[in-house]
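What follows is the residue order along each chain.
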Amino acid sequence: MNIVFDKEKLIEILKAYYEISPLSMKIFDQDLNLIAQYPENQATEYCRKIRLNAEGQSACKDCYKHYFKIMSENNTNMCTYLCHAKVVNTLLPIDYEDKRYGYIYLRHTRDTQTEVEKDIKTISKKFNLDYDDLLEKYNKLPIYNESKLYSSIRILQVCLTYFISNQIIKINEDPIMSDIKEYISKNINGDLSIQELCKKFFISKNYLYLLFKKYENTTVSKYIINQKIKCAKFMLENTTHSIQEISEMVGIENYNYFIIFFKTNTGISPLKYRKQNS
């Protein structure tokens, strides 16, 4: 996906957020390129001290890459981890409507659960640093508070929706892709076969496949399935239509097949989903 970030507006929002919750933040795109950060100089005295040592700097980079890899490969919703230097960091994905736009990285709090003096002594020996000075710098880090962190994350999740709905973060999409997605949305109960879509938009199968791989990172069929499920969920939650009616509204005339289709893609039957979410 070609994702566009309004860097200036992002920094404005990060700065405002920092005023009420002094957690330093970085925003990365889906390929882990740094887009924006606040404050500009985020390295604490403690981290700077460790990175003065070449081995320490390398360990920081390896740790950083490892947890980003976990997030990107496992589609994890959030990852809070204790780094090699006993600093707590949190990674939060920027997800919206089944798309991953990038990541927010919350940095540098200290963990009160570890044996601090013992840990810092080990770190100081490993990187040939002065123990007393390193411990003093570690103790200057803000204390990790799980409750406050999760409150901050809940606020950030609202901010993420704001970022995308106000196009501070947006996909720079091929116009024909937007037209195809709009057509699928408006004709969810119609003929959405590959042949019909190609005929409607005067494109080849290969180009259609390429568009969905590039902009949605999925297949055409999987995208259509997800849209049918999304539509069915909405109607189960917000209308009194029977399951048979909903089945027909998403283009599946066979009621029994719809039950299997829904359960295969959600892990739950339509009736049970309605009971749990209505």
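A brief look at the structure comes next. Everything quoted here is computed from the prediction, not taken from an experiment. (Residues numbered from 1 in each chain as written. Predicted model: local features only at pLDDT ≥ 70, side-chain atom pairs only at ≥ 80, totals over all residues. Heavy atoms only, no water.)

### What to know about helix H4 (residues 116-126)
Because an α-helix completes one turn every 3.6 residues, residues spaced three or four positions apart along the sequence face the same direction.
So, step 1. Taken together, the buried positions of H4 are occupied by Asp-119, Ile-120, Ile-123 and Ser-124. On an axial view of H4, the arc spanned by its buried residues comes to 135 degrees, and they lie on one face. Among the exposed residues of H4, those oriented more than 90 degrees off its buried face are Glu-117, Lys-118, Thr-122, Lys-125 and Lys-126.
So, step 2. For H4, the secondary structure elements touched by its buried residues are helix H2 (45-51) and helix H5 (131-138).
So, step 3. One or two steps after H4, the chain reaches Asn-128, where phi turns positive at roughly 55 degrees. (Buried < 20%, exposed > 50% of the residue type's maximum accessible area, 1.4 Å probe, protein only. Helix = DSSP H or I, 4+ residues; strand = E, 2+ residues; numbered from the N terminus. Arc of directions from axis to C-beta. Contact = heavy atoms within 4.5 Å.)

### With respect to unusual backbone geometry
So, step 1. Looking along the chain, the bond that leaves Tyr-38 and enters Pro-39 is cis, with omega of -5 degrees.
So, step 2. With phi around 65 degrees, Lys-86 is a residue other than glycine that occupies positive phi space.
So, step 3. For Lys-86, the position within the fold is in the loop between strand E4 (79-82) and strand E5 (87-96).
So, step 4. According to the relative accessible area criterion, Lys-86 is partly exposed, its value standing at 24%.
So, step 5. If you check the backbone angles, Phe-202 has positive phi at about 55 degrees while not being a glycine.
So, step 6. Positionally, Phe-202 belongs in the loop between helix H8 (194-201) and helix H9 (205-216).

### What to know about the packing of H8 against H9
So, step 1. In the contact formed by H8 and H9, the axes pass within 10 Å of each other and the chain directions differ by 95 degrees. As far as their axial angle goes, H9 and H8 are roughly perpendicular. Judged by residue contacts, Ile-194, Gln-195, Leu-197 and Cys-198 of H8 engage Lys-205, Leu-208 and Tyr-209 from H9.
So, step 2. A breakdown of the residues in the contact of H8 with H9 according to their chemical character gives five nonpolar, one polar and one charged. (Axes fitted to C-alpha atoms, helices over the stretch in contact; angles between N-to-C directions. Parallel < 35°, antiparallel > 145°, perpendicular 65-115°, else oblique. Nonpolar A, V, L, I, M, F, W, Y, C, P; charged D, E, K, R; others polar.)

### Overview of the packing of aromatic side chains
So, step 1. In this structure the tally under the stated criterion is twelve aromatic pairs.
So, step 2. Taken together, a centroid distance of 5.7 Å and an interplanar angle of 85 degrees make the contact between Tyr-183 and Phe-201 edge-to-face. Here Tyr-183, found in helix H7 (residues 175-186), pairs with Phe-201, found in helix H8; they are 18 residues apart in sequence, far enough to count as distant. No difference in accessibility class separates Tyr-183 from Phe-201, as the two residues are buried.
So, step 3. Seen in terms of ring centroids, Tyr-257 and Phe-261 are 6.2 Å apart; in terms of plane orientation they differ by 35 degrees. Their pairing is tilted. Note that Tyr-257 and Phe-261 are positioned in helix H12 (residues 255-266) at a spacing of four residues, about one turn of the helix.
So, step 4. Its relative accessible area of 46% is what places Tyr-257 among the partly exposed residues.
So, step 5. Sitting over the face of the ring of Tyr-131, Lys-121 holds its NZ or CZ atom 5.2 Å from the ring centroid. (Phe/Tyr/Trp six-rings, centres within 6.5 Å; stacked < 30°, edge-to-face > 60°. Lys NZ or Arg CZ within 6 Å of the ring centre and 35° of its normal.)

### Focus on H12
So, step 1. If you check H12, its first and last C-alpha atoms are 17 Å apart, about what twelve residues at 1.5 Å a residue would give, namely 16 Å.
So, step 2. Where H12 is concerned, the buried positions are Phe-258, Phe-261 and Phe-262. The arc enclosing the buried residues of H12, seen along the axis, measures out at 95 degrees, which places them on a common side. Of the exposed residues in H12, those oriented more than 90 degrees away from the buried face are Asn-256, Ile-260 and Thr-264.
So, step 3. Lining the buried residues of H12 we find helix H10 (220-238), helix H11 (243-249) and helix H13 (270-277).
So, step 4. One or two positions beyond H12, positive phi appears at Gly-267, with a value near 85 degrees. (Expected span 1.5 Å × (residues − 1).)

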